[in-house]
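Below are the chains, spelled out letter by letter.
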Amino acid sequence: MKYISTRGQTEPMDFSDVLLMGLAPDGGLMLPEHYPTVASDVLEEWRHLSYTDLALAIMQRFATDIPYADLKDIIDRTYTADIFGSDDIVPVRKLEDNLYILGLSNGPTLAFKDVAMQFLGNAFEYVLKRQDARITIIGATSGDTGSAAEYALRGKENVEVFMLSPHGKMSEFQRAQMYSLTDDNIHNIAIKGMFDDCQDIVKALQQDAEFKAKYNLGTVNSINWGRILAQIVYYFKAYFAVTDSNEETVSFSVPSGNFGNICAGHIAREMGLPIERLIVATNENDVLNDFFNQGAYQPRTTDKTYVTSSPSMDISKASNFERFVYLLLEKDSARVHELFEGVKSGQGFDLSEVMEQVNNRYGFAAGKSTHADRLHTIKEVYEQYGELVDPHTADGIKVAKELQQEGEVIICAETALPVKFAETIIEAVGPIEIARPKHTEGLEDLEQHVTVLDNKAELVAEQIRQHVASNV
Ligand SMILES: *Cc1c(COP(=O)(O)O)cnc(C)c1O
């Protein structure tokens with residue numbers, strides 16, 4: 001299988017090359033030339049597979065330039081009960097008839113990003129070794145992404161990680177998670193500034209072509225194809241967990257920001273998984289809610305991007321959205337190029353003429369949840385079902401309940417565990433003890449390792465020069 005860009009100006013490439021990539025050279029996003037479809041007898045066989053065997057069956061169709069035995073080894077080392085807490089990897093639990101929670105957050109950093117990032121870490125290491133190459137990952141984080149990346153790449157050969165975070169702006173738990181790591185290849189840098197300042201520094205270093213080549217700079221942000229691929233698997237797993245036959249359909253409700261998670265659901269549906277609806281749940285930063293209801297997509301300016309109590313969904317634009325629009329516009333890459341060049345400079349676009357397809361052909365629906373909704377839902381779920389859910393998951397449950405149709409089975413993605421967002425949980429239900437997995441007990445008491453720097457790209461460049469041998 002070859003990979004092409006949504007903008008149509010990049011030579012077809014193999015999976016291994018796409019894996020180490022951020023944006024395509026033409027500024028688009030890489031995706032397979034076509035999504036493979038799964039015949040119903042194959043789907044029936046898949047129903048009985050373990051998580052690792054299912055992952056292998058699915059990924060094998062996309063990662064065609066990695067030998068079967070090697071891919072199996074990568075997957076077997078990634079999805080273990082030791083790392084994800086159970087052999088189920090993504091256990092499903094029932095709230096009530098027709099309403100389920102898909103537990104995606106039982107990995108090392110207690111957020112769904114681990115499912116993809118743990119795979120990416122092992123796949124990166126494998127591909128780098130094969131190519132005899134090294135990579136320097138630089139990233140900016142305000143929480144979940146950075147910690148998931150660090151826990152996936154810690155101790156990996158040929159990989160150095162420099163993760164920038166806004167000094168003093170993350171939660172105590174998030175700081176403890178990242179800064180307590182002691183691996184030699186993990187470098188935490190706290191910038192005296194905001195998250196946007198961190199992002200600007202990453203961009204500045206990436207745009208310095210000489211520096212970028214010298215240290216082989218790369219990223220692991222949410223547009224990475226390997227992450228999307230790994231996420232496709234759990235849509236299949238969840239479907240099999242709540243159905244008895246492939247005649248049944250289910251819907252998914254997904255707390256969304258950059259459209260990475262639900263994009264994987266969309267691909268699973270394209271592959272033939274009997275998904276009825278894909279429900280996009282947003283918080284107050286509701287660009288996707290507007291698009292999937294009215295067909296108008298308008299990126300937010302920085303001053304209109306709100307800081308909310310579901311912070312991992314606080315986005316100004318949805319960076320993976322272009323992958324869906326490409327398909328929606330029947331692979332018209334010239335049009336995609338035009339629309340998303342506009343987005344880059346803050347312009348929106350209107351596709352209301354194809355809303356019929358968005359909703360029916362592709363099954364998308366959307367709703368929005370606010371701080372008050374979040375608190376209400378956390379409390380309600382706690383009182384009704386005795387379950388604590390995190391604020392992001394609560395957004396998904398709120399929207400699922402609001403949109404659920406007669407007889408529709410909805411699976412809500414649990415994208416983080418409540419202990420990561422204790423403040424909001426306590427605001428919702430009052431002072432309670434929030435359970436935390438064993439491996440995070442005492443986390444806040446560990447010694448922390450972080451270098452605090454002024455908001456200057458050059459100071460970060462200096463750190464990289466000090467710690468990484470140049471390629472030339
Ligand atoms: C990243 C994240 C999201 C949003 O996922 P996208 O793939 O960006 O849509 C939702 N919830 C949590 C907890 C996250 O960390």
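Here goes a summary of the coordinates provided. (Residues numbered from 1 in each chain as written. Predicted model: local features only at pLDDT ≥ 70, side-chain atom pairs only at ≥ 80, totals over all residues. Heavy atoms only, no water.)

**Describing the overall build of the chain**
Per the secondary structure count, the chain includes 20 helices and 15 strands. Relative to its length of 472 residues, the chain is compact, with a C-alpha radius of gyration of 21 Å against a globular reference of 23 Å. Taking the principal axes of the C-alpha coordinates as reference, the chain spans close to 60 × 55 × 45 Å. When each of the 472 residues of the chain is scored for burial, the buried share is 59%. A sequence separation of at least 24 residues applies to 74% of the contacts in the chain between residues at least 6 apart. Here the chain has roughly 18,700 Å² of accessible surface; of this, 46% comes from carbon and sulfur atoms. Averaging the positions of the 42 positive and the 71 negative side-chain charges in the chain gives two centres separated by 3 Å. (Helix = DSSP H or I, 4+ residues; strand = E, 2+ residues; numbered from the N terminus. Rg over C-alpha atoms; globule rule 2.2 N^0.38 Å. Buried < 20%, exposed > 50% of the residue type's maximum accessible area, 1.4 Å probe, protein only. Contact = heavy atoms within 4.5 Å. Areas by Shrake-Rupley, 256 points an atom, 1.4 Å probe, with all protein chains shown as cover. Lys, Arg positive; Asp, Glu negative; His and termini not counted. Charge placed at Lys NZ, Arg CZ, Asp CG, Glu CD.)

**Concerning the environment of M21**
Within the secondary structure layout, M21 lies in the loop between α1 (15-19) and β2 (30-32). Given a relative accessible area of 14%, M21 falls into the buried group. The spacing of M21 and T219 is 198 residues in sequence and 7.4 Å in space, taken between C-alpha atoms.

**Things to note about the nonpolar core**
Grouped together as the largest cluster of nonpolar side chains are 121 residues, with contacts concentrated most on F236, F259, F292 and F321. Sorting elements by how many residues they give to this core places helix α11 (residues 225-242) first, with 13 residues. With residues near it in sequence (within four places) discarded, F292 still touches F259, V280, F321, F324, M355, V358, N359, F364, A365 and A366. Counting residues in hydrophobic clusters, the runner-up holds 28 residues, among them A176, I279, V399 and I425. (Core = buried A, V, L, I, M, F, W, Y, C linked by side-chain atoms within 4.5 Å.)

**So, the pattern of salt bridges**
According to the stated counting rule, one finds 28 salt bridges in the structure shown. Measuring nitrogen to oxygen at the nearest pair gives 2.9 Å for the salt bridge that ties D76 to K72. With D76 and K72 both in helix α4 (residues 68-78) and four residues apart, the pair spans about one turn of that helix. With relative accessibility at 30%, the residue D76 sits in the partly exposed group. (Salt bridge = Lys/Arg side-chain N within 4 Å of Asp/Glu carboxyl O.)

**Notes on the site of the ligand**
Near the ligand lie 15 residues; those nearest to it are K113, D144, G257, N258 and N261. A distance of 3.1 Å separates an oxygen atom of the ligand from a polar backbone atom of G260. Contact with the protein chains hides 97% of the accessible area of the ligand, taken as 390 Å² for the molecule alone. Here the shell around the ligand is built from residues that sort into five nonpolar, eight polar and two charged. (Near = heavy atom within 4 Å. Polar contact = N/O pair within 3.5 Å; in protein donor to acceptor, adjacent residues only side chain to side chain. Nonpolar A, V, L, I, M, F, W, Y, C, P; charged D, E, K, R; others polar.)

**Considerations on the packing of aromatic side chains**
Applying the stated criterion across every chain yields a total of 26 aromatic pairs. Three or more aromatic residues joined by ring pairs form one cluster here, namely F259, F291, F292, Y297, F321, F324, F340, F349, Y362 and F364. A cation over a ring is seen here: R361 above Y362, with NZ or CZ 4.2 Å from the ring centre. (Phe/Tyr/Trp six-rings, centres within 6.5 Å; stacked < 30°, edge-to-face > 60°. Lys NZ or Arg CZ within 6 Å of the ring centre and 35° of its normal.)

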